[in-house]
Amino acid sequence: MTVWDDLVGQEKVSAVLDAAARDADALVTAAAADQPLPETSKMTHAWLFTGPPGAGRNQAARAFAAALQCVSPDRALGGAPGCGFCDGCHTALLGTHADVTSVAAVGSEILVKDMRDTVRKSFTSPANGRWQIILVEDAERLNEKSANAVLKAVEEPAPRTVWLLCAPSIEDVLPTIRSRCRHLNLRTPSVEAVADMLMRRDGIEPEVAASAARATQGHVDRARRLATDPAARERRAAVLKLPLRLDEVGACLRAAQELVDAAAEDAKQLAEEMDGKEAEELKAALGAAQGGRMPRGTAGVMKELEDMQKRRRTRTQRDSLDVALGDLTAIYRDVLALQLGTRVALANADAEDALERLARAGTPESTLRRIEAIAACREALDRNVAPLLAVEAMTMALRAG
């Protein structure tokens, strides 16, 4: 199983990255022998991966990083990079490779202080791998200062450094940065491709795999979670019932509170899993005795960790809310399809009775206004409007139609 097997429905992108990884070997060899670099190389020092949510931008970038770090013995015999089994591939895919650094937004932005050490590391030689690789998972969340820091590093990179940037669209990245990157656009994989992946890779039953792939409309990560996590299926079922409950103002406010509480519970569960472990690891690194007091001068470091964890909880809550809003949008898209009599396949075929009730109770115009209300809620959350306030405004608009 090669590293490219994780890229669902991205055959063209896989072919480009495979060719670049092969040429990367020639670059390493030429640099080691102090020879001129090949002029026709498909490899370059900076890449920009774009595509809609769920298309697999981060997976494609990480698979490419693994292929560049591949140390399979078959390479000497002409084997393709990215075997998926060697130590280089394995650690790069898991995120533990010493020469593959990942940067993701903890809160709503990637701050310049979060990029300083990464940019500094990008100018160093690989410790034990073939390349020094910097993977920025949320390049669209770079603020002005952190984007300028990345720009300087991309303009004049170290000889063995590769930058991999991921963003929803090319417009989400500064023109000065994207002009120095090779751009690859990923497409939303087909429902059939996602269902096949769930059956083949995760052993999911065909009916469950098809239902999860159809409900998430090709979003690979959400489809896998929906197919494997009963709690995710329960949350989706609750969202599917929500439009039928909005018959009075009190019901709208209760529904909004339930959505926000469910998202907060998601953030709390993640915090319970990660926060305590991170705090204990940091205390041990700072030299604190087991159960004892912290050394002097370390309070500021612990405060920074607490601030980071708080930003992460906020983002986790908003990301969870966004999943619910995506499910709501899919419901009204199905309602609109029924109202217009189109032959588009329903994403929520398992709730067809409820969809038909909603379709009979409204008009295409009112359904479009409801879809616009959900989009407005998403925009408000992006602007850091209080989640409960934004969701209450949306549920009231859904009731009004």
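Residues numbered from 1 in each chain as written. Predicted model: local features only at pLDDT ≥ 70, side-chain atom pairs only at ≥ 80, totals over all residues. Heavy atoms only, no water.

1. A few points about the overall build of the protein chain
Quick reminder of the rule: Going along the chain from the N terminus, every DSSP run of H or I of four or more residues is numbered as a helix, and every run of E of two or more is numbered as a strand. Based on C-alpha atoms, the radius of gyration is set beside the globule rule, defined as 2.2 Å times the residue count to the power 0.38. Categorising residues by exposure relies on relative accessible area from a 1.4 Å probe, with only protein chains included: less than 20% of the type maximum marks a residue as buried, more than 50% marks it as exposed, and the intermediate range marks it as partly exposed. Here, two residues are considered to be in contact whenever any of their heavy atoms come within 4.5 Å of each other. Each accessible area is a Shrake-Rupley result for a 1.4 Å probe, and residues are judged covered by the shown protein chains and nothing else.
On a plain count of helices and strands, the protein chain comes out with 15 helices and five strands. Expected size for 401 residues packed as a compact globule is a radius of gyration near 21 Å; at 24 Å, the protein chain falls within 12% of this value. With respect to the principal axes defined by its C-alpha atoms, the protein chain has extents near 75 × 55 × 40 Å. Residues counted as buried form 45% of the 401 residues belonging to the protein chain. Taking the intrachain contacts of the protein chain between residues at least 6 apart in sequence as the baseline, contacts between residues at least 24 apart amount to 72%. Just so you have it, the protein chain exposes about 20500 Å², and 52% of that area is on carbon and sulfur atoms.

2. Some points on the pairing of strand β3 (residues 132-136)
Test applied: Should DSSP find at least two bridges between two strands, the strands are taken to pair. Here a crossover is taken to be right-handed if, once the strands point away from the viewer, the path from the first strand over the helix to the second is traced clockwise.
Burial analysis of β3 places five of its five residues in the buried class, which makes it a mostly covered element. Going residue by residue along β3, you find Gln 132, Ile 134 and Val 136 tucked away on one face and Ile 133 and Leu 135 tucked away on the opposite face as well. Note: strand β2 (residues 100-103) against β3, four bridges, orientation parallel. Its bridge partner being in β3, Val 103 is matched across the sheet by Val 136. In the sheet, β3 pairs with strand β4 (residues 161-167) via five bridges, with the strands oriented parallel. Among the inter-strand pairings, Val 136 is bridged to a residue of β4, identified as Leu 165. For the handedness criterion, the β-α-β arrangement of β3, helix α5 (residues 144-155) and β4 is classed as right-handed.

3. Observations regarding the side chain of His 97
For clarity, the cut-off: In the analysis that follows, any N or O atom pair within 3.5 Å is treated as a polar contact, provided that within protein one partner can donate a hydrogen and the other can accept it, and provided that, for residues neighboring in sequence, both atoms belong to side chains.
Within the secondary structure, His 97 is located in the loop between α3 (87-94) and β2. Taking relative accessible area as the criterion, His 97 reaches 10% and is therefore assigned buried. There is a polar contact of 2.9 Å between the side chain of His 97 and the backbone nitrogen of Asp 99. Those residues in contact with His 97 that sit more than four places away from it in its chain are Gln 69, Gly 88, Thr 91, Ala 92, Asn 128 and Gly 129.

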